[in-house]
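Okay, here's what each chain looks like letter by letter:
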Amino acid sequence: MISLTELLQQTRPRPPVGPRLTSGLRDLDALLGDEGLETGRLTEWVGPATSGKTGLLRAVVQRARAQGVAVGWVDAACALVAADWADDALAGPLWVVRPPTPDEGAFCAEVLLRTRSFGVVVLDGAPPLDDARGVRLQRMARLGASALVVVRPDAARRGGPVGLRLAFEPLAAPPAEDALQARGPLVWAVRVDRPRGGAPAAARRLHLVEPTPPRLAAWPVAPDRPANRTRPGTRYGR
Amino acid sequence: MSGWRLACARAPDFALRVALRALPPDARGAPVALVEAGQHARVRAVNAAARLEGVRPDQTATRARARCPGLCCLDWDLGAFTAAAHDLAEVLQRASPLVLPADGDPPGTFLVDARGMRYLGGDAGLADRLVALAAEADFPGLRVGIADSAVAARAAAWLPDTPLGPEGPPPLLRVMTRAQGTRHDRGARRRRPDEPDDSIEEIVSSSVVIIPPGRDADFLGALPLTALDVDAHLRATLRGLGLKTVADLRALPPAALTARFGPEARAALERAAGLDLRRPEGALPVPLPAVALPLEHPIEDTTRLIFGLRGTLTTLAARLMARGLSATRLALALLLDDHSEHVERLDPAGPVHHPGALFELLRDRLERVQIDAPVVEVQVRVLTAVPAVPEQVHLGAGRWNPAAMQGALDRLLGRFGRAAVVRPVPVDDHRPEAAGRWAPVIEIPLSPPLTAGPDALAPPPPPAPVRRALPTPAPLAARLDAGGHPIAVRWQGRWRRVEARGPERLSGAWWGDEPYAREDFRLALAEGGVLWASRDPRAGDWWLRGWFD
């Protein structure tokens with residue numbers, strides 16, 4: 001015999017396991033929480049220039065794309081370099097919107113959120129949101145179950161309630177011991193704080209690695225990427 | 001005789017009249033030219049004021065503007081002209097059931113079935129009705145030629161504008177103005193009642209030329225070679241050989257002409273003899289859907305039009321879907337209170353037929369359009385369309401919604417241009433800033449991307465910083481050590497101690513216009529953070545390219 005309650009529990013469809021918008025990095029995910037970026041809420045990603053915030057956010061975005069999540073990134077300052085983002089192996093599409101002026105960034109984010117097709121929408125380099133726009137964007141994010149991330153250089157904020165805020169601060173890189181190390185990968189540390197939000201305050205120290213350029217010669221005196229001495233399209237220069 | 005009677009109706013300056021509707025009435029007297037789009041834009045048509053200034057068709061737009069600095073250049077919009085020609089054809093169908101735009105002729109030229117007009121005034125009655133109907137439709141001065149064949153009817157319709165040379169008209173060409181009842185100009189004279197009628201034209205007015213049945217060959221033979229509807233290259237060749245009239249062409253041996261100039265010459269000979277099988281057969285193509293929203297009161301703020309437009313666009317979408325079409329180009333026409341028309345062309349990112357997508361497309365344009373007078377009516381016309389592609393419905397696909405994404409794409413592209421929505425594409429280049437490019441997003445997959453569970457993902461690589469580039473490299477003030485490496489740089493208004501990591505020497509493109517040779521450095525700031533700088537090895541200058549974030 002089986003009770004009706006048990007029968008219902010067995011036959012009721014389980015909620016689908018959605019993609020977790022995590023980074024795969026233990027320390028960063030500890031700050032984000034088990035489910036990663038919270039959908040339907042605004043997450044602030046705050047830090048000065050060269051604090052590593054964009055690189056860590058890219059780790060989250062690339063992992064989301066690997067799970068088939070469409071990502072819209074509003075590059076309001078038109079500062080990103082395409083080479084850092086080109087990865088055809090990822091299933092989820094990445095739309096980068098580059099408006100002519102940073103002021104149009106919030107409009108672009110709203111258009112992307114309105115489609116309810118993007119799992120993550122990043123508003124990067126736009127001026128601070130006013131309260132009305134911020135509330136509207138959050139409403140759009142809630143209706144579309146999208147994670148809205150605002151990347152800003154300073155902590156002065158407006159734009160309605162924030163679900164989570166991560167503050168990034170660069171730490172000094174250890175000096176290179178010799179010339180060979182000076183030409184190798186550059187490892188530098190970033191301190192990430194979760195000053196407030198739903199979860200208790202916490203802080204982590206993460207490391208970013210700026211890799212060695214693929215054709216960089218190991219010997220300091222050797223030229224790195226000499227010019228192709230043969231004209232392209234000729235017999236020896238294809 | 002073929003048993004056919006054909007009329008060729010031609011509205012002079014048809015394209016110009018259609019295009020001038022976009023201008024306020026007081027601006028239509030200014031010099032105006034229709035310019036074909038393209039890298040080497042050329043003038044296709046000019047009005048009288050522009051002609052007075054020395055602007056001529058086939059000039060380049062640059063030359064035309066040099067001749068007339070105040071020239072108003074309008075687009076040669078073939079889609080709009082075709083739509084207007086369709087409207088005029090519908091009007092002319094009140095005179096004859098078969099009216100079709102003539103292939104190969106400028107917009108505004110029609111072939112009309114002229115048979116069965118015996119009890120309706122004959123050929124003359126048909127011509128009168130065509131001229132009157134066209135005048136009602138704001139195309140006065142319609143030229144009409146009626147003959148047994150299309151080539152003769154066409155030549156007759158062009159006869160009033162055909163240059164006949166310094167020696168005047170051929171003796172058989174006589175022109176009579178019906179209103180005056182006298183044959184005049186071009187050396188014609190009134191025929192006496194007892195004089196045998198040896199003229200080719202039965203009735204000729206300043207705009208109507210009627211060729212009696214069976215006289216097509218005689219009529220064509222008297223015309224200059226330019227009046228014959230044949231391949232332009234062949235016509236130039238024949239004129240180069242000294243042929244002046246169609247009769248000269250007909251006098252040549254057909255076999256030798258065909259052997260020398262090919263089948264085009266054979267076709268020219270047949271047309272010179274009045275043998276032309278072109279007929280106005282078939283039905284007038286069904287026009288592409290269009291909707292109109294007349295306003296009760298003129299509206300100055302175009303954003304207010306958005307509220308009334310949704311229902312209208314639902315109607316347009318229903319008409320598109322009823323015919324299985326998707327629009328690839330639309331025109332938003334605002335009829336203004338000053339009797340002018342403001343037309344905005346809309347090019348969606350892909351074929352659209354959903355009301356929501358159409359609404360998003362038009363809404364953004366209405367928010368930004370600038371008009372000179374209040375709007376009294378809004379029209380949305382489909383200019384081009386393609387068969388709609390059946391859509392796959394993805395049950396359980398979750399958030400993936402191609403229609404909504406296409407609507408967003410249309411809105412962003414319509415507002416900011418093609419380069420606004422992009423995706424990264426790798427490029428084989430040494431330079432970091434050139435090792436990828438932003439490619440425009442042009443299509444949206446109908447199916448959602450493949451999904452992988454979070455547990456199936458491989459551990460991520462160590463996180464790498466992302467470059468943020470300045471729009472253009474900026475000069476960087478640097479203090480160098482003995483080895484020439486910077487120990488401090490001035491950034492964000494103050495000096496900062498740095499440790500230089502590098503160099504990474506880059507050179508190439510010496511074969512092109514922009515060769516490069518530089519040394520890239522990563523400057524690790526003492527207080528944290530890394531800058532992206534480069535050094536010009538020849539000049540020794542330091543440049544800040546951006547930073548790692």
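Computed from a predicted model, the values in this text were never measured in an experiment. (Residues numbered from 1 in each chain as written. Chains lettered and ligands numbered in written order. Predicted model: local features only at pLDDT ≥ 70, side-chain atom pairs only at ≥ 80, totals over all residues. Heavy atoms only, no water.)

1. What about the overall build of chain A?
Consideration 1: Of the regular secondary structure elements, chain A holds six helices and eight strands.
Consideration 2: Scanning chain A from its N terminus toward the C terminus, one meets helices and strands in the order α-α-β-α-β-β-α-β-α-β-β-α-β-β.
Consideration 3: By residue count, 51% of the 238 residues in chain A fall in the buried class.
Consideration 4: For chain A, the proportion of contacts with a sequence separation of at least 24, taken over those separated by at least 6, is 65%.
Consideration 5: Counting only carbon and sulfur atoms, one obtains 54% of the accessible surface of chain A, whose full area is about 11,200 Å². (Helix = DSSP H or I, 4+ residues; strand = E, 2+ residues; numbered from the N terminus. Buried < 20%, exposed > 50% of the residue type's maximum accessible area, 1.4 Å probe, protein only. Contact = heavy atoms within 4.5 Å. Areas by Shrake-Rupley, 256 points an atom, 1.4 Å probe, with all protein chains shown as cover.)

2. Considering the interface of chain B and chain A
Consideration 1: Each side of the interface is counted separately: chain B has 74 residues, and chain A has 88 residues.
Consideration 2: Taken over both partners, the interface formed by chain B and chain A buries close to 6,700 Å², and the fraction arising from carbon and sulfur atoms is 59%.
Consideration 3: Applying the counting criterion to the chain B and chain A interface returns five salt bridges.
Consideration 4: Where chain B touches chain A, the interface holds 17 residue pairs in polar contact (both at pLDDT 80 or more).
Consideration 5: Per element, the largest residue contribution to the side of chain B that touches chain A is ten residues, and it comes from strand E21 (residues 494–508) of chain B.
Consideration 6: Considering only residue class, the side of chain B that touches chain A consists of 44 nonpolar, ten polar and 20 charged. (Buried area = accessible area lost by both parts, 1.4 Å probe. Salt bridge = Lys/Arg side-chain N within 4 Å of Asp/Glu carboxyl O. Polar contact = N/O pair within 3.5 Å; in protein donor to acceptor, adjacent residues only side chain to side chain. Nonpolar A, V, L, I, M, F, W, Y, C, P; charged D, E, K, R; others polar.)

3. Quick notes on the sheet that holds strand E6 (residues 164–170) of chain A
Consideration 1: The ten strands are arranged E8(A)-E7(A)-E6(A)-E1(A)-E5(A)-E4(A)-E2(A)-E3(A)-E16(B)-E17(B) in an open sheet whose pairing can be described as mixed. Either end of the sheet is taken by a strand with one partner, and the two such strands are strand E8 (202–210) of chain A together with strand E17 (436–440) of chain B. Within this sheet the neighbouring strands show an average axis-to-axis angle of 25°, counted without direction.
Consideration 2: Relative to strand E5 (residues 147–152) of chain A, strand E4 (residues 120–124) of chain A is paired through five bridges, and the arrangement is parallel. (Pairing = 2+ DSSP bridges. Axes fitted to C-alpha atoms, helices over the stretch in contact; angles between N-to-C directions.)

4. As for the packing of helix H13 (residues 355–368) of chain B against helix H14 (residues 402–416) of chain B
All names here are of chain B.
Consideration 1: Contact geometry of H13 with H14 gives a least axis separation of 8 Å together with a crossing angle of 25°. Looking at the two axes, H13 sits roughly parallel to H14. The hand of the H13/H14 crossing is right-handed. Within the contact between the two elements, H13 uses Glu360, Leu361, Arg363, Asp364, Arg365, Glu367 and Arg368 and H14 uses Gly407, Asp410, Arg411, Gly414 and Arg415.
Consideration 2: The class makeup of the residues in the contact of H13 with H14 is one nonpolar, two polar and nine charged. (Parallel < 35°, antiparallel > 145°, perpendicular 65-115°, else oblique. Left-handed = near helix turned anticlockwise from the far one by under 90°.)

5. Section: unusual backbone geometry
Glycine aside, residues mostly have negative phi angles, and peptide bonds mostly take the trans form.
Residues and elements named next belong to chain B.
Consideration 1: Despite not being glycine, Asp13 shows a phi value in the positive range, around 55°.
Consideration 2: Take Asp13: it is sitting in the loop between strand E1 (6–10) and helix H1 (14–20).
Consideration 3: Backbone geometry at Ala509 places phi at a positive 55°, although glycine is not the residue there.
Consideration 4: When its relative accessible area of 17% is taken as the criterion, Ala509 is described as buried.

6. Observations concerning a nonpolar patch on the surface
Consideration 1: Together, Ile2, Leu4 and Leu7 of chain A make up an exposed nonpolar region whose accessible area comes to about 280 Å².
Consideration 2: As for its position among the elements, Leu7 of chain A is in helix H1 (residues 4–11). (Patch = residues over 30% accessible without salt bridge, like charges linked within 9 Å, V, L, I, M, F, W, Y side chains within 5 Å.)

7. Here's the deal with the sheet that holds strand E20 (residues 486–491) of chain B
Within a sheet, each strand pairs with its neighbour through backbone hydrogen bonds, oriented either parallel or antiparallel.
Residues and elements named next belong to chain B.
Consideration 1: As summarised here, the arrangement of the seven strands in space is E18-E24-E23-E22-E21-E20-E19, forming an open sheet in which the pairing is antiparallel. For this open sheet the edge positions go to strand E18 (467–475) and strand E19 (478–480), each flanked by a neighbour on one side alone. Adjacent strand axes in the sheet meet at a mean angle of 30°, parallel and antiparallel pairs treated alike.
Consideration 2: Pairing of E21 with strand E22 (residues 516–525) involves nine bridges; the strand directions are antiparallel. Among the inter-strand pairings, Arg505 is bridged to a residue of E22, identified as Glu519.

8. Some thoughts on the pattern of salt bridges
Residue and element names in this part refer to chain B.
Consideration 1: Per the counting criterion, the structure on display carries 40 salt bridges over all chains.
Consideration 2: With its nearest N and O atoms 2.8 Å apart, the salt bridge here joins Asp276 to Arg278.
Consideration 3: Judged by relative accessible area, Asp276 falls into the buried class, the value being 7%.
Consideration 4: The partner of Arg415 in a salt bridge is Glu367, with the nearest N and O atoms 3.8 Å apart.

9. Some words on the environment of Ala385 of chain B
All names here are of chain B.
Consideration 1: You can see Ala385 is positioned in strand E15 (residues 375–387).
Consideration 2: Sequence-wise, Ala385 and Val352 are 33 residues apart; in three dimensions their C-alpha atoms are separated by 8.9 Å.
Consideration 3: In this structure, Ala385 is in contact with Leu288, Leu325, Ser326, Ala327 and Thr328, ignoring residues within four places of it in sequence.

10. Quick word on helix H3 (residues 53–66) of chain A
All names here are of chain A.
Consideration 1: Taking 1.5 Å of rise per residue, the 14 residues of H3 would be expected to cover 20 Å, and the 20 Å separating its terminal C-alpha atoms lies within 8% of that figure.
Consideration 2: The element H3 is extensively covered by neighbouring structure, given that 13 of its 14 residues are classed as buried.
Consideration 3: Positive backbone phi, approximately 85°, marks Gly68, located one or two places after H3. (Expected span 1.5 Å × (residues − 1).)

11. Brief notes about the side chain of Arg468 of chain B
Consideration 1: By secondary structure assignment, the location of Arg468 of chain B is in strand E18.
Consideration 2: Look at Arg468 of chain B and you get buried, because its relative accessible area is 8%.
Consideration 3: Polar side-chain contacts of Arg468 of chain B include one of 2.7 Å to the side chain of Asp124 of chain A.
Consideration 4: Other than its neighbours up to four places away in sequence, Arg468 of chain B contacts Thr54, Ala79, Leu80, Asp124 and Val151 of chain A together with Arg545, Gly546, Trp547 and Asp549 of chain B.

12. Points about the confidence of the model for chain B
Parts of the model with low pLDDT should not have their predicted coordinates read in detail.
All names here are of chain B.
Consideration 1: On average, chain B scores 82 in pLDDT, and the residues at 70 or more come to 87%.
Consideration 2: Below pLDDT 50 for its whole length, residues 170–191 participates in 58 contacts with residues either more than four positions away or in separate chains.
Consideration 3: Contacts for the low-pLDDT stretch residues 393–397, under 50 throughout, to residues beyond four places or in other chains number four contacts. (pLDDT = per-residue confidence, 0-100.)

13. Side note on the packing of helix H4 (residues 105–114) of chain A against helix H5 (residues 131–144) of chain A
All names here are of chain A.
Consideration 1: Viewed as axis vectors pointing N to C, H4 and H5 meet at an angle of 20°, and their least axial separation amounts to 9 Å. Accordingly, the angle class assigned to the pair H4 and H5 is roughly parallel. Where H4 crosses over H5, the two elements pack in a sense that is left-handed. For the pair H4 and H5, the contacting residues are Ala106, Phe107, Ala109, Glu110, Leu113 and Arg114 in the first and Arg133, Arg136, Leu137, Met140 and Ala141 in the second.
Consideration 2: In terms of residue class, the contact of H4 with H5 is built from seven nonpolar, no polar and four charged.

14. Considerations on the nonpolar core
Residue and element names in this part refer to chain A.
Consideration 1: Leu37, Trp45, Trp73, Val120 and Leu166 are the most contacted members of the largest nonpolar core, which totals 43 residues.
Consideration 2: Among the elements that take part in this core, H3 stands out by supplying six residues, more than any other.
Consideration 3: Other than its neighbours up to four places away in sequence, Leu37 contacts Leu21, Leu32, Thr43, Trp45, Val60, Val120, Ala147 and Val149. (Core = buried A, V, L, I, M, F, W, Y, C linked by side-chain atoms within 4.5 Å.)

15. Details of the packing of aromatic side chains
Consideration 1: For the coordinates displayed, the defined rule picks out nine aromatic pairs over all chains.
Consideration 2: A centroid spacing of 5.2 Å and a plane angle of 65° characterise the contact between Trp95 of chain A and Phe118 of chain A, whose relative ring orientation is edge-to-face. With Trp95 of chain A in strand E3 (residues 94–97) and Phe118 of chain A in the loop between H4 and E4, this residue pair connects regions lying 23 residues apart in the sequence. Of the two residues examined, Trp95 of chain A and Phe118 of chain A, each falls in the buried class.
Consideration 3: Over the ring of Trp85 of chain A we find Arg58 of chain A; its NZ or CZ atom is 5.9 Å from the centre of that ring.
Consideration 4: The ring of Phe107 of chain A has Arg415 of chain B lying over it, and the distance from NZ or CZ to the ring centre is 4.1 Å. (Phe/Tyr/Trp six-rings, centres within 6.5 Å; stacked < 30°, edge-to-face > 60°. Lys NZ or Arg CZ within 6 Å of the ring centre and 35° of its normal.)

16. Some thoughts on helix H4 (residues 78–92) of chain B
Residues and elements named next belong to chain B.
Consideration 1: For H4, which comprises 15 residues, the first-to-last C-alpha distance of 21 Å matches the rise-based estimate of 21 Å (1.5 Å per residue) to within 8%.
Consideration 2: Those residues of H4 lying buried are Phe81, Ala84, Ala85, His86, Leu88, Ala89 and Leu92.
Consideration 3: At its buried positions, H4 is contacted by H1, strand E2 (32–35), strand E4 (72–75), strand E5 (99–101), strand E6 (109–113) and helix H5 (122–136).

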